Amino acid sequence: MANDHLSPIAPARVRVLVLPAGRIKKHRFITFLQRLEQHDSVRLGDISPDAKSTNNLFSPLAFPNGSLLYNFSTSVPPPSHTQLVPFDLFREHLMVLGIVDAKEYESSPQDELQQVSDRLAEQHPKILLSQLLVMDCTREQQESWDLEKAICVPPSHATKTTTMNTVMCDISARLLSEMGTYATAVQALPSVQSPGASTSRPQLDRSLSLRIDSSRPASPADSSSALSLSRSETPPPRGPPTNFDDMGAHTRSDSAKVANRDRMSTQAFASTSAQERAKNKGKARVGIVVGNLYMLAGR
């Protein structure tokens with residue numbers, strides 16, 4: 001049954017892109033996909049931490065009663081569905097699984113399958129984890145190939161009831177490790193950019209216009225008019241007050257200076273509070289993304 005993206009638990013499901021990799025027939029791919037869809041929930045208590053990773057942020061041992069929920073799909077969502085990424089990470093694929101039919105590679109060397117695995121990772125560089133699954137792989141093929149980035153899945157008639165669940169646990173361990181690395185990188189950021197914000201907006205350069213005006217040679221008419229304008233606009237020097245009217249005007253000017261100083265201090269305080277608000281907003285945005293990762297990790 002297809003997962004409903006309007007379901008209340010939809011934000012907790014990890015989107016997985018399942019693609020045919022290498023040589024595989026359509027009906028075989030559909031059969032393997034149906035085997036995967038039967039294991040769309042993995043309990044964290046059944047997952048062993050990735051031994052190759054040193055990041056324990058999403059260690060399954062910390063919350064063994066949780067579960068990883070998967071949403072397998074064979075197509076990329078439209079851009080309108082992913083506009084809220086990274087604040088809604090469930091809208092974007094976090095993992096890609098490449099399905100390979102072992103029968104199509106019975107007489108193929110190991111290097112050919114390794115190239116299929118490398119090509120899968122190159123085609124999806126933004127996805128956290130790319131994993132190659134070699135389906136219906138016999139024990140002899142598994143021993144002869146010895147692939148580093150691929151998981152061999154035995155045929156359904158030669159597997160136990162827990163074989164496919166063990167495969168999903170191994171994949172989940174690697175995914176949790178990659179999610180921990182991604183969360184650590186996000187936590188180091190001061191903020192997260194708003195979805196759809198444009199980064200190519202031109203910025204006004206006031207100094208450039210000043211340099212252009214200063215590089216233009218001044219004409220005699222311009223200099224004379226500027227001189228007369230400066231003379232007319234320059235107020236005469238004021239002496240000490242000699243009557244009560246002058247004293248009142250002098251007092252008003254002093255109070256205006258005090259008000260200007262108070263206004264400047266208020267503006268400085270406002271700029272400081274604006275910086276503090278921007279800093280707090282950045283922390284909140286980072287917290288939203290990391291919180292999404294915790295939810296997707298089964299917490």
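The rules we used
- Residues take numbers from 1 onward in each chain, read along the sequence in its written order.
- For a predicted model such as this one, the threshold for reporting local features is a pLDDT of at least 70, and the threshold for listing and counting side-chain atom pairs is 80 or more; totals across whole chains, interfaces and linings nevertheless cover every residue.
- With hydrogens and water excluded, all non-hydrogen atoms of the structure serve as input to the side-chain values.
- We define a salt bridge as a contact between a side-chain nitrogen of Lys or Arg and a carboxyl oxygen of Asp or Glu at a distance within 4 Å.
- Under the scheme used here, helices are H or I runs from DSSP no shorter than 4 residues and strands are E runs no shorter than 2 residues, and both carry numbers assigned from the N terminus.
- Any residue under 20% of the maximum accessible area for its type is buried, any over 50% is exposed, and the rest in between are partly exposed; the area is computed with a 1.4 Å probe on protein chains only.
- If DSSP finds at least two bridges between two strands, the strands pair.
- Note on geometry: axes are C-alpha line fits, over the in-contact stretch for helices, and angles between N-to-C directions span 0 to 180 degrees.
- The contact criterion used throughout is that any non-hydrogen atoms of two residues lie within 4.5 Å.

Participant: What should I look at first to understand the pattern of salt bridges in this one?
Facilitator: In the structure shown here, the tally under the stated rule is six salt bridges. When the shortest N-O distance is used, the salt bridge between Glu-112 and Arg-23 registers 2.6 Å. Pair noted here: Glu-112 is in helix 2 (residues 110–123) and Arg-23 is in the loop between strand 1 (13–20) and helix 1 (26–37), with a separation of 89 residues, a long-range link. Relative accessible area serves as the criterion here: at 25%, Glu-112 is assigned to the partly exposed category.

Participant: Just to check I follow, could you spell out the sheet that holds strand 6 (residues 150–153) for this structure?
Facilitator: In space, the six strands of this open sheet follow the order 2-3-1-4-5-6, with mixed pairing throughout. The open sheet is flanked by strand 2 (41–43) and strand 6, the only strands paired with a single partner. Neighbour to neighbour, the strand axes of the sheet diverge by 30° on average, direction disregarded. As paired strands, strand 1 and strand 4 (residues 93–101) are joined by six bridges and run parallel to one another. Bridging from a neighbouring strand, Pro-20 pairs with Ile-99 of strand 4. On top of the sheet, helix 1 reaches strand 1, strand 3 (67–73), strand 4, strand 5 (129–135) and strand 6; it is set at about 130° to strand 4, its chief contact.

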